[in-house]
Amino acid sequence: MRLIATLLFAALLVFGIWSFVDSETFLLGPMPDGYSWWWPEYTSTFGGDIDFLFTFISWLILVFFVGTMGALIMFVFKYSKKREGKAVFSHGNHKLEMIWTGIPAALLLIIAFMQMTTWADIKFAGATAGKQLFAEVFASQFDWRFRYPGIDGRFGTADDIESVYEFVVPVDEDIVFNLRSHDVLHSFFVPVLRLKQDAVPGMTIPVWFNSMEEGTFDLICAELCGWGHYKMAGRITVVSRAEFDQWIVDKTAEKYSNGQENQ
Amino acid sequence: MKPQVSNRSKLRTVSLGVLLGCLSQACGFEPQAGTIHYSLSDSTHARLRRAYEDGEVANPGAVAVQIQGALEMLFGSAAEPGYMLLDDWIGEIDRSAGGYEELDDAAFDAIKVGNARRFKMQLQLVEARRYAEVYRPFYAQDLWLEWTEDHLPGLLENPDAPYDESDPDYGTRHEEAIALFISHYPTLRESSDMYRQHCLHCHGNEGGGNGPTADFVSPRPRDYRLGKFKWTAVDRNQPRREDLLNILEQGAKGSAMPSFMRFSRGQLEGLVDYVRLLAIRGEVETLLVGDAIDGEGDLPASSVLVNYEFVWEKWDAAPGKYVAVEGDVPRAHEVTPEMLEHGRELFLGTVANCFSCHGPDGRGAGVSLFELKEIDPDADGAIVLTEDDLVAGWMFKDFVKTDDAGNPVLVDGHTVTEEKVARHKLDDWGIARETAGILDAKGFGSNPRNFQQSIFRGGSRPLDFYRRIKYGIYGTVMPAAAPELTDDDIWSLVYFVLSIAEEHDVAREYEKKLARFDSETEHEEH
């Protein structure tokens, strides 16, 4: 029993580290098309900052993980042996406890200061101030809808261009959009852009990103919103400015179609 | 002496063993779908029961069995749906597998592109020649059967050998394996599988809009069995394939029907096939019940085939009833204030008569939220309604009093005739108009559209509005436009309605908020 308990905790330590070291193919074997457990390459301007914080914290946690798990394994093994005699009553070690509270607290403060500017750059309302609103994104059960202003530049007017499922944006530009929800909580999550923002019903939340590369990226819902949450997906298509302008022209033609082309 | 193993410890070990045993069974567990059967609808049973009570039918149970058998002959079972082929179709069109033969090249290209994406994992494994590792995709049991039986054995043996020695049209086994995935069109069975996962919970097993979650959504899910669909591009007919595909791709914004564009084109076309099968089955069922009751419980085979053909003809007629606009659609930035004013006049007038259901402010309040109001006739005995009355609300139909000519008098000097008065009515699916103050048995009603919500389920392009106004909404109380209205009138109405939506759009709130913020900031700077 003692051996089983020790081995179980040791297995936890081994699996934990193995899953990070072999993050590409852990338990899956070689996957086609670069599918893996790990993050895809980021394409947004703040992706680097997010990744840096993630990596820094992961390494920090690794140190603590190995330390605490190692200690746990050692204690489980050493102290599960049956002994004779009276137990020792210990008053604890005040100095040790101060150290192992103080150091993590200091580290947390360090992390808090490190992430402040990144958070402010991405999330604060000031980050989007002065940037022109590009689109509005509506989350509903269970799809994503997008709305671009028409010629008049205002939203919610008769000349708006509407799109379902596909969000087309130009590359290398600051894209600011208002995120709304029709019904319940959703979350706008684009892994490749390292962007995640909850859509709260009743709120209009400005969100921004700037993709440095063209491509088609997954958009998924990251806040449980009902039975269809798992399939609530969309697509972000980043194209050149010229292609985007052409897309708007095509969508406008579709909007004002007189139906003759389907005759 | 060996220590005794305590009872508690034994219990713990046994429970752990049982738990692990159960968990191991859970791996690879797949619920079987084959046990679902089609049932007859509630209205069929109600009609048969009534016929029995009226003495027209001696044995309603036997009639039900006959109808069930006829429907199974025509449409297959829930586990194996399919169409019975009519003689006329043989050699002309094979509907047995779904809508495969009705699609054009553009649709097929789109399907192939969609399949390349849908089966990306399988295709990459095939192209890397790792045939044994190819795993089964979702909703593709027939594809999988074909793969494992017709393709895989040959591939494992020699992938570069010709697929079919006797037929030079086929390429190598490797090439055909790729073509299998790229060109796959879903069978009705595969589509029914997908329907069960994604659609049945609202739309029901027979497409009756009576699935387990139907009672919790408003508006209610569509009952296919009348063959009537609201958001189509045809004039009061069963829909075209493209209309059903459009709803699947766009969803019905503002209802519980989401967009399903995340699925591939092939999957969506397959779902269109299956929805059509359910709709036709429902329509045929309704007709067969009528014939069986007329035949005093006897349902001859000829009547079954006649009804089947009749319903199919209506569906085939859909492309011929397609609605398009002659000339160009006026663009939003070309709209003039005169056009909007004209639209407003038509909206509040009695030719188009929009306000009687949609309310003078477009809130969908129609007649029921209006209070009954007593208005004294003037000296001539005519009822003259003023602007105040219009705004405060009045029940149109309950005090239509006539003037000397026999017609009530309305504001603007228009006269109103009886037919123009809003009627209390159920729509074809039996869903009451809440404005009528009538709710159906489950407590549901449906309002005329509230334009101030700026949500338009059937699409908000000008062409979509044009279709609703000119041809009405099939199956609902929304009627086709009076013939006096010209296309220009309709465009004025369209943009007037859009202007109501624009005024109340949620974006206006945000603009006000920003304006407040800006003015506060300016204030602080002083």
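Here goes a summary of the coordinates provided. Because the structure is predicted, anything quoted here is derived from the model rather than measured.

**Some details on the overall build of chain B**
- For chain B, the count of helices and strands is 18 helices and 2 strands.
- Of all 526 residues assigned to chain B, the portion counted as buried reaches 36%.
- Within chain B, contacts between residues at least 6 apart in sequence are counted, and of these 64% link residues at least 24 apart.

**What about the nonpolar core?**
- Membership of the largest hydrophobic core comes to 91 residues, with the highest contact counts inside it found for Val 137 of chain A together with Ile 67, Leu 271, Val 275 and Leu 288 of chain B.
- Per-element accounting of this core gives the leading share, 14 residues, to helix H11 (residues 265–294) of chain B.
- In this view, Leu 288 of chain B contacts Ile 67, Ala 70, Leu 299, Val 304 and Asn 307 of chain B; residues no more than four positions away in its chain are not counted.
- Grouped together as the second largest cluster of nonpolar side chains are 25 residues, Phe 347, Ile 469, Phe 496 and Ala 501 of chain B included.

**Brief notes about the sheet that holds strand S2 (residues 143–148) of chain A**
Residue and element names in this part refer to chain A.
- Spatially, 5 strands are ordered S3-S2-S1-S5-S8 in an open sheet, and the strand pairing comes out mixed. Edge positions in the open sheet fall to strand S3 (161–164) and strand S8 (205–209), since each of these has one partner strand only. With strand direction ignored, the average angle separating the axes of adjacent strands in the sheet is 25°.
- Relative to S2, strand S1 (residues 133–140) runs antiparallel, the two being bridged by 5 bridges.

**Section: the packing of helix H4 (residues 105–118) of chain B against H11 of chain B**
Residues and elements named next belong to chain B.
- Running from N to C, H4 and H11 cross one another at 120°; their axes reach a closest spacing of 7 Å. It follows that H4 is oblique to H11 by the angle criterion. Only Arg 265, Gly 266 and Glu 269 of H11 make contact with H4, whose side of the interface consists of Ala 110, Ile 111, Gly 114 and Asn 115.
- A class-by-class count of the residues in the contact of H4 with H11 yields 2 nonpolar, 3 polar and 2 charged.

**Notes on the sheet that holds strand S4 (residues 166–170) of chain A**
Residues and elements named next belong to chain A.
- Here we have 5 strands laid out as an open sheet, ordered S4-S10-S9-S6-S7, and mixed in their pairing. Since the sheet does not close on itself, it has two edges, and those belong to S4 and strand S7 (195–199), each with one partner. The average undirected angle you get between the axes of adjacent strands in this sheet is 20°.
- Bridging between strand S6 (residues 186–190) and strand S9 (residues 215–221) involves 2 bridges; their strand directions are antiparallel. Looking at the pairing, Phe 188 lines up with Cys 221 of S9.
- Along the sheet, helix H4 (residues 241–255) contacts S4 and strand S10 (233–239); its crossing angle with S4, the most-contacted strand, is approximately 135°.

**What about the environment of Tyr 474 of chain B?**
Residues and elements named next belong to chain B.
- Considering the arrangement of structural elements, one finds Tyr 474 in the loop between helix H16 (462–471) and helix H17 (487–503).
- You can call Tyr 474 buried: it has 23 C-beta atoms within 10 Å.
- Spatially, the C-alpha atom of Tyr 474 lies 8.5 Å from that of Thr 232, the residues being 242 residues apart in sequence.
- The contacts of Tyr 474, once residues within four sequence positions are left out, are Lys 228, Phe 229, Lys 230, Thr 232 and Arg 236.

**Quick notes on helix H5 (residues 120–127) of chain B**
Residue and element names in this part refer to chain B.
- By the burial criterion, the buried members of H5 are Gln 122, Leu 123 and Val 126. The buried residues of H5 all sit within an arc of 95° when viewed along its axis, so they share a single face.
- The positive-phi residue at the C-terminal boundary of H5 is Arg 129, with phi of around 65°.

What counts and what doesn't
Residues numbered from 1 in each chain as written. Chains lettered and ligands numbered in written order. Predicted model: local features only at pLDDT ≥ 70, side-chain atom pairs only at ≥ 80, totals over all residues. Helix = DSSP H or I, 4+ residues; strand = E, 2+ residues; numbered from the N terminus. Buried ≥ 20, exposed ≤ 12 C-beta atoms within 10 Å, placed from the backbone. Contact = placed C-beta atoms within 7 Å. Core = buried A, V, L, I, M, F, W, Y, C linked by C-beta atoms within 7 Å. Pairing = 2+ DSSP bridges. Axes fitted to C-alpha atoms, helices over the stretch in contact; angles between N-to-C directions. Parallel < 35°, antiparallel > 145°, perpendicular 65-115°, else oblique. Nonpolar A, V, L, I, M, F, W, Y, C, P; charged D, E, K, R; others polar. Arc of directions from axis to C-beta.

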